[in-house]
Amino acid sequence: MMMKNKVTNDKIRNIAIIAHVDHGKTTLVDAMFRQSGVFREGQQVDERVMDSQDLERERGITISAKNCAVHWKGVKINILDTPGHSDFGGEVERALSMTGGCVLLVDASEGPLPQTRFVLKKALDAGLNIILAINKIDRKDARAAEVLNEVYDLFIDLGADEDQLDFPVLYAIGREGVAMRSSEEKGLDLSPLFEAILELPGPEYDPDEPFQMQVADLAYSDYLGRLAVGRIRHGRLTGKDQLLRIDENDVELPIKSGKIQVYDGLKLQEVSEAEPGDIVVVSGLDKVTIGDTICTREAPRRLERIRVDDPTVAMRFGINNSPLAGQEGKIVQSRQIRERLLLETLRNVAIQMEEGEDKDSFVIKGRGEFQMAILVEQMRREGFELTVGRPEVIMKRENGKTLEPVEKLLVDCDEAFLGIVTEKLALRKGRMLNLVNNGSGRVRMEFSIPARGLIGFRDEFLTDTKGTGIMNSYLDGYEEYRGEFPSRFTGSLVADRPGKAVAYALYNLEPRGSMFVQPNDPIYEGLIVGEHNRDNDIDVNPCKEKKLTNLRASGKDENIILTPVRPMTLEWAIHFIRDDELVEVTPLSIRLRKKVLGAQARYQIAGKKKLAAEK
């Protein structure tokens, strides 16, 4: 909608901090808090204060976009800390809808990486003003001038216009809280960054237009119920206004605004009236969803809804129906799992939910298997017990052809591992597009590879490169289906009876493959107790005890020493399973199992498949 009388609110700036994973966004925001007076002198503050979730602190990444506000020279700066991982791209898109500018943070050594490209493209598409901050210039391997040229190349590659290419450049050491206009300067504080933000224009609005805002985020309060978060596009909002909600089907529903809050530091502050351009949190708007327009009843006008990229991965969630169900978790019913997944779709625009084939399963669609693993991890920490299947990519049909999502993959590894990496990626239908060897002992490669080829590859890649390899990818569109390839070259060792694992039995099974269980672990029929060395599944008895006789053997019994079991992680388990297997997730355990637990039933299903294939 074109504005007749454009006016800017110079008392407010709304900016997002965008960057690749681990380039220092959250650390920089910490320094901005300290220097703008959010924390009092001497106050004890945790590092990475914006990473408020336990999972974010453990993994050192930002998972959900968060809002806060600081004040500088009488101007309120609303800051949105966005995730740097493309699996959480929905968070980036909804956060950018509230801002008018971005601070693009790039590592002075690593330069712009695939996720930098991803978040920057979203910012340029939204027409936002960009400030480039080259961070970590104190690194020994910093190459600020080359990185700046790489960023210009990236802007040009993404189709930036002349105005967008004319961006201010700052050099920063986020950990020390300093920013400079040139790399030769000695920085004292973040004043140059704050000044650059103030040079951006304030949020535009039309003073003649009535109140209008779009819901970009949802929160929940035990006292106030559902909270809607968004930027006021036009007009002012008071707590007594009679409003309308326009949903995705253009249905107008009357609502009344409740308590109005705005961000002040990390906290929310209640206000009686909010001005145009500010980011507000409004209570009393029940059943509101992300993308809805909130406006006055006298002049209802719909804003264009937030659009996010289509999901590329689907995963089945279901109840835990194993013999051990309900022993470790508090929440096991399908109704409660369904409600929790529905809540996630309301809070996260990038996730979609569909009912499964049976009443106890649900199909969740999202951006990547990492996003799915984070959702499952959050649920198990909340007390849920559930089963999840292997992630599957979502295909498209166009003109009678099957299209699949294809990723652009960038790999950085030692020369010695070049052969094994290219061999593994070729098996997964990857095609090499570029290879750069600058003589430093490391090589950089660029591949085009189906998204399904990357499921489970990261663990293999880190093993093959002895933990020294770096890989990053982003969605590069859809191409014609490239054909089948094996996802796993090994089979499973499947328990054939219930009981408890016995050291003697596990010791004798070790020549068959690597074990997942330890002595005294509970066992049931259909549980996967190990990885078979060959490509077929075999039924084994991990509960078998040594037969005792009344004859004394010459010499002592051998002292059984078992090979240590690798710790089971959720991501590894999701990548490892085949289509006929599930991951059983509880607050205390992660187990692998067959979909059909009974050995007899599995043999019958396999027989029917064989007969069908022969016909």
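Keep in mind that this is a model prediction, so the values were computed, not measured.

Asks: With reference to specific residues and values, describe the pattern of salt bridges.
Replies: Tallied over the full model, the rule gives 42 salt bridges. When the shortest N-O distance is used, the salt bridge between Asp125 and Lys121 registers 3.1 Å. You can see Asp125 and its partner Lys121 sitting in helix H4 (residues 114–125), 4 residues apart, about one turn around the helix. The class for Asp125 is exposed, based on a relative accessible area of 54%. Looking at Lys121, the relative accessible area reads 42%, which means it is partly exposed. The shortest N-O distance in the salt bridge between Glu382 and Arg340 comes to 2.7 Å. Placement of the pair is Glu382 in the loop between helix H9 (369–381) and strand S23 (386–388) and Arg340 in helix H8 (residues 334–347), with a sequence separation of 42 residues. Accessibility expressed as a relative area gives 36% for Glu382, which makes it partly exposed. The buried category is assigned to Arg340, whose relative accessible area is 7%. Among the charged side chains, a network of salt bridges with common partners joins Asp537, Arg578, Asp580, Glu581 and Lys594.

Asks: I'd love a proper account of the packing of aromatic side chains, names of residues and values included.
Replies: Under the counting rule described, the total for this entry stands at 7 aromatic pairs. Between Phe457 and Phe461, the aromatic rings sit 5.8 Å apart at their centres with planes inclined by 40°, giving tilted as the arrangement. With Phe457 and Phe461 both in helix H12 (residues 457–464) and 4 residues apart, the pair spans about one turn of that helix. Taken as a pair, Phe457 and Phe461 share a single burial class, namely buried. Site record: aromatic cluster; members linked through ring pairs are Tyr152, Phe155 and Phe167. Taking the ring centre of Tyr478 as reference, the NZ or CZ of Lys396 above it sits at 4.1 Å.

Asks: Tell me what's going on with the sheet that holds strand S34 (residues 528–532), and back it up with residues and numbers.
Replies: Pairing is mixed in the open sheet, where 4 strands are placed in the order S32-S34-S30-S35. Looking along the sheet, the strands with just one partner apiece sit at the ends: strand S32 (513–515) and strand S35 (538–540). Each adjacent strand pair in this sheet contributes to an overall mean axis angle of 30°, direction not counted. Pairing of strand S30 (residues 491–495) with S34, which is carried by 4 bridges, proceeds in the antiparallel orientation. Counterpart to Leu493 in the pairing with S34 is Gly530.

Asks: Could you give an account of helix H7 (residues 191–199), with specific residues and numbers?
Replies: In terms of burial, H7 is a largely internal element, 7 of the 9 residues being buried. Within H7, burial applies to Ser191, Pro192, Leu193, Phe194, Ala196, Ile197 and Leu198.

Asks: Residue-level account of H8, with values.
Replies: Taking 1.5 Å of rise per residue, 14 residues should cover 20 Å, and H8 covers 20 Å from first to last C-alpha, within 8% of that figure. Of the positions making up H8, those classed as buried are Ile337, Arg340, Leu341, Glu344 and Thr345. Along the long axis of H8, the arc covered by the buried residues comes to 145°, so they all point the same way. The inward-facing, buried residues of H8 abut strand S20 (313–318), strand S21 (352–355), strand S22 (361–366), H9 and S23.

Asks: Describe the packing of helix H10 (residues 418–427) against H12, and please don't skip the residues or the numbers.
Replies: Contact geometry for H10 and H12: axes closest at 10 Å, N-to-C directions at 160°. The orientation of H10 relative to H12 falls into the category roughly antiparallel. Handedness of the H10/H12 crossing: right-handed. Facing H10, whose interface residues are Ile420, Val421, Lys424 and Leu425, H12 presents Phe457, Glu460, Phe461 and Asp464. For the contact of H10 with H12, the residue count by class is 5 nonpolar, no polar and 3 charged.

Asks: Hey, could you go over the nonpolar core for me, with residue numbers and the actual values?
Replies: Core analysis: the biggest nonpolar cluster contains 60 residues, and Leu104, Leu132, Ile134, Phe155 and Ile294 have the highest contact counts within it. The biggest single contributor to this core is helix H5 (residues 144–157), with 6 residues. Ignoring anything within four residues of it in the chain, the contact list for Ile294 reads Phe211, Gln212, Met213, Val215, Leu243, Leu244, Arg245, Ile255, Leu285 and Val288.

Asks: I'd like a description of the side chain of Lys365, backed by residues and values.
Replies: Mapped onto the fold, Lys365 is located in strand S22. A polar contact is formed between the side chain of Lys365 and the side chain of Glu354, at a distance of 2.8 Å. In contact with Lys365, other than residues within four places in its own chain, are Pro311, Val313, Ala314, Ala350, Ile351, Gln352, Glu354, Met372 and Ile394.

Asks: Help me get a handle on unusual backbone geometry, residues and values and all.
Replies: If you check the backbone angles, Lys466 has positive phi at about 55° while not being a glycine. Structurally, Lys466 can be placed in the loop between H12 and strand S29 (470–480). Given the relative accessible area of 67%, Lys466 is considered exposed. Within the chain, Asn520 stands out as a residue other than glycine whose phi angle is a positive 80°. Here Asn520 lies in the loop between S32 and strand S33 (522–523). Taking the relative accessible area as the measure of exposure, Asn520 reaches 56% and is therefore exposed.

Asks: Go over the side chain of Arg482 with me, naming the residues and quoting the values.
Replies: Along the chain, the position of Arg482 falls in the loop between S29 and S30. For Arg482, a relative accessible area of 11% corresponds to the buried category. Within polar-contact distance, the side chain of Arg482 engages the backbone oxygen of Lys429 at 2.9 Å. Among all residues touching Arg482, those that are not within four sequence positions of it are Glu404, Val406, Lys429, Gly430, Arg431, Ser448, Ile449, Pro450 and Arg452.

Asks: Before we move on, can you summarise the pairing of S30 with the specific residues and values?
Replies: When you tally the buried positions in S30, you get 5 out of 5 residues, the bulk of the element. For S30 and S35, the ladder comprises 3 bridges, and the chain directions are parallel. Opposite Ala495, over in S35, you have Val540 as the bridge partner.

Calculation notes
Residues numbered from 1 in each chain as written. Predicted model: local features only at pLDDT ≥ 70, side-chain atom pairs only at ≥ 80, totals over all residues. Heavy atoms only, no water. Salt bridge = Lys/Arg side-chain N within 4 Å of Asp/Glu carboxyl O. Helix = DSSP H or I, 4+ residues; strand = E, 2+ residues; numbered from the N terminus. Buried < 20%, exposed > 50% of the residue type's maximum accessible area, 1.4 Å probe, protein only. Phe/Tyr/Trp six-rings, centres within 6.5 Å; stacked < 30°, edge-to-face > 60°. Lys NZ or Arg CZ within 6 Å of the ring centre and 35° of its normal. Pairing = 2+ DSSP bridges. Axes fitted to C-alpha atoms, helices over the stretch in contact; angles between N-to-C directions. Expected span 1.5 Å × (residues − 1). Arc of directions from axis to C-beta. Contact = heavy atoms within 4.5 Å. Parallel < 35°, antiparallel > 145°, perpendicular 65-115°, else oblique. Left-handed = near helix turned anticlockwise from the far one by under 90°. Nonpolar A, V, L, I, M, F, W, Y, C, P; charged D, E, K, R; others polar. Core = buried A, V, L, I, M, F, W, Y, C linked by side-chain atoms within 4.5 Å. Polar contact = N/O pair within 3.5 Å; in protein donor to acceptor, adjacent residues only side chain to side chain.

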